[in-house]
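As a plain string of letters, each chain reads:
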Amino acid sequence: MAFIIFLIVFTVAISLGAVDIPFLTVWKIAANNISGSEIFHPQWSRGMGVIVWKIRFPRAILSFLTGGTLALVGVLMQAVTKNPLSDPYILGISSGASTGAVLCMFFGLGGLSVGGGAFIGAFLATIMVIGLTKGDYSSSRLVLTGIAVSALFSSITSIMIYLVKDESKVRNAVFWMAGSLGGAQWGLLLLPAAVLLLGGGAGILLHKELDTLLLGEEEARVLGIDTTRLKLLLIGVSSILTGTIVAITGTIGFVGMIIPHISRRLTGSGHRQLIPLVVLIGGTFMAGADTLARIVFTPEELPIGILTSALGGPFFLWIIRRGYAFGGQRA
């Protein structure tokens, strides 16, 4: 059912826009381009073919990879902290990645790529949050620490934007920080697809360890799991995933919090089933959200990060109000 919904949303995402294109035409164009031959005789203009295959298909795929990756990071971080509020945005991971990326974007840093800067920033922010909580992952301490770390990195980013006088760089950085999938190209999809595949594969391979972490750290140690090494591994994987996505799309918040909760309602907390489902639902959610961001204020485009924050803020408050139970703790 989730896969069928994904196909529908994916098709709608490609069909709708400034120029609406029939659903059947979308897949005829795709079939011709994938096969490299005219399986279907073109009954559409060349411009329509370019819009579908060169612009909307890469964007829809990038939206799926973005949503799936951020949702996966949310699952991994919630397993590490046993806290339902853990999310790359709330914990400051996205802000750290954004600071590292903007730093490289503005100042170069010896040729370090934007992606490399985003990874370093994400990893540093994660280590800071885990270190400052000192193993106390109660909701209040974790969220307050994450907010503080996020504010720190956001202030550093704001200072850099203030100091740089190149208006074009500043304008690009500000729009990029609000989140955007507008730069999607076929050549950009390989890296996020690879890290999502590797990250999801690692999560599935470690599903027993992740399930055991939810029981508590002491129980996991008794069962022979090196929890320190496992947590560092999961933090590293989460940093790579977040850094890669932030380097391409900018800061997009709350996806890693919303989607795991929805997925657990459908399949439970077992990570072997949860991880594939959370990637699928996260990708579907992001494809739908990006479609709304493109068409609500046509011809202007609403930054996707603004839309996900508008959806995620009330959801965050709902979790706090309900006191959502997770891993023996309550939010």
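Before any of the text, the structure's been laid out above.
Residues numbered from 1 in each chain as written. Predicted model: local features only at pLDDT ≥ 70, side-chain atom pairs only at ≥ 80, totals over all residues. Heavy atoms only, no water.

(A) Geometry of the overall build of the chain. Across its full length, the chain carries 14 helices and two strands. Whereas a compact globule of 331 residues would reach a radius of gyration of roughly 20 Å, the chain reaches 20 Å, a difference of no more than 12%. Oriented by its inertia axes, the alpha-carbon framework of the chain measures out at about 65 × 50 × 35 Å. Sequence separation of at least 24 residues holds for 75% of the intrachain contacts in the chain that already meet a minimum separation of 6. A total of about 15000 Å² of accessible surface is found on the chain, and carbon and sulfur atoms cover 68% of it. Separation between the mean location of the 22 positive side-chain charges and that of the 15 negative ones in the chain comes to 2 Å. (Helix = DSSP H or I, 4+ residues; strand = E, 2+ residues; numbered from the N terminus. Rg over C-alpha atoms; globule rule 2.2 N^0.38 Å. Contact = heavy atoms within 4.5 Å. Areas by Shrake-Rupley, 256 points an atom, 1.4 Å probe, with all protein chains shown as cover. Lys, Arg positive; Asp, Glu negative; His and termini not counted. Charge placed at Lys NZ, Arg CZ, Asp CG, Glu CD.)

(B) View of the packing of helix α3 (residues 46–81) against helix α11 (residues 227–249). For the pair α3 and α11, interaxial distance at closest approach is 10 Å and the crossing angle is 155°. Comparing the axis directions of α3 and α11 gives the class roughly antiparallel. In this structure, α3 meets α11 at a crossing whose hand is left-handed. Here α3 contributes L62, L65, T66, T69, L70, L72, V73, L76, M77 and V80 to the contact with α11, which in turn contributes K231, L234, V237, S238, L241, T242, I245, I248 and T249. Broken down by class, the residue content of the contact of α3 with α11 amounts to 13 nonpolar, five polar and one charged. (Axes fitted to C-alpha atoms, helices over the stretch in contact; angles between N-to-C directions. Parallel < 35°, antiparallel > 145°, perpendicular 65-115°, else oblique. Left-handed = near helix turned anticlockwise from the far one by under 90°. Nonpolar A, V, L, I, M, F, W, Y, C, P; charged D, E, K, R; others polar.)

(C) A look at unusual backbone geometry. For F254, which is not glycine, the phi torsion reads 75° and is therefore positive. If you trace the backbone, F254 turns up in the loop between α11 and α12 (255–267). Judged by its relative accessible area of 9%, F254 is buried. (Buried < 20%, exposed > 50% of the residue type's maximum accessible area, 1.4 Å probe, protein only.)

(D) Focus on the side chain of S150. Mapping S150 onto the fold places it in helix α6 (residues 139–163). Among the polar contacts made by the side chain of S150, one reaches the side chain of S95 at a distance of 2.8 Å. If we skip the residues at most four places from it in the chain, S150 touches Y89, G92 and S95. (Polar contact = N/O pair within 3.5 Å; in protein donor to acceptor, adjacent residues only side chain to side chain.)

(E) Structural context of the pattern of salt bridges. Counted according to the given criterion, the structure contains five salt bridges. A salt bridge links D290 to R59; the nearest nitrogen and oxygen atoms lie 2.8 Å apart. You can see D290 sitting in helix α13 (residues 271–295) and its partner R59 sitting in helix α3, a full 231 residues away along the chain. Comparing D290 with R59, the two get one shared label, buried. In this structure, R221 engages E218 in a salt bridge whose closest nitrogen and oxygen atoms are separated by 3.1 Å. Taken as a pair, R221 and E218 lie in helix α10 (residues 217–222) at a separation of three residues, close to a single helical turn. Accessibility expressed as a relative area gives 40% for R221, which makes it partly exposed. With relative accessibility at 52%, the residue E218 sits in the exposed group. (Salt bridge = Lys/Arg side-chain N within 4 Å of Asp/Glu carboxyl O.)

(F) Structural detail: the environment of T308. Tracing the chain through its elements places T308 in helix α14 (residues 304–322). With a relative accessible area of 1%, T308 lands in the buried category. Linking T308 and T291, residues 17 residues apart in sequence, is a C-alpha distance of 12 Å.

(G) Examining the nonpolar core more closely. Grouped together as the largest cluster of nonpolar side chains are 84 residues, with contacts concentrated most on F57 and L234. Sort the elements by how many residues they give to this core and α3 lands first, with 16 residues. With residues near it in sequence (within four places) discarded, L234 still touches L76, V80, L206, L210 and L213. (Core = buried A, V, L, I, M, F, W, Y, C linked by side-chain atoms within 4.5 Å.)

(H) Summary view of a nonpolar patch on the surface. On the surface, F107, L109, L112, F119, I120, F123, I127, L232 and I240 cluster together into a nonpolar patch covering about 750 Å² of accessible area. For the nonpolar patch, the secondary-structure elements that each account for two or more residues are α5 (114–133) and α11. If you tally residues by element for the nonpolar patch, the top one is α5, at four residues. (Patch = residues over 30% accessible without salt bridge, like charges linked within 9 Å, V, L, I, M, F, W, Y side chains within 5 Å.)

(I) Main features of the packing of helix α2 (residues 23–35) against α3. Packing of α2 against α3 leaves a shortest axis separation of 10 Å and a crossing angle of 80°. Put simply, α2 runs roughly perpendicular to α3. Facing α2, whose interface residues are T25, V26, W27, I29, A30, N33 and I34, α3 presents M48, G49, V52, W53 and F57.

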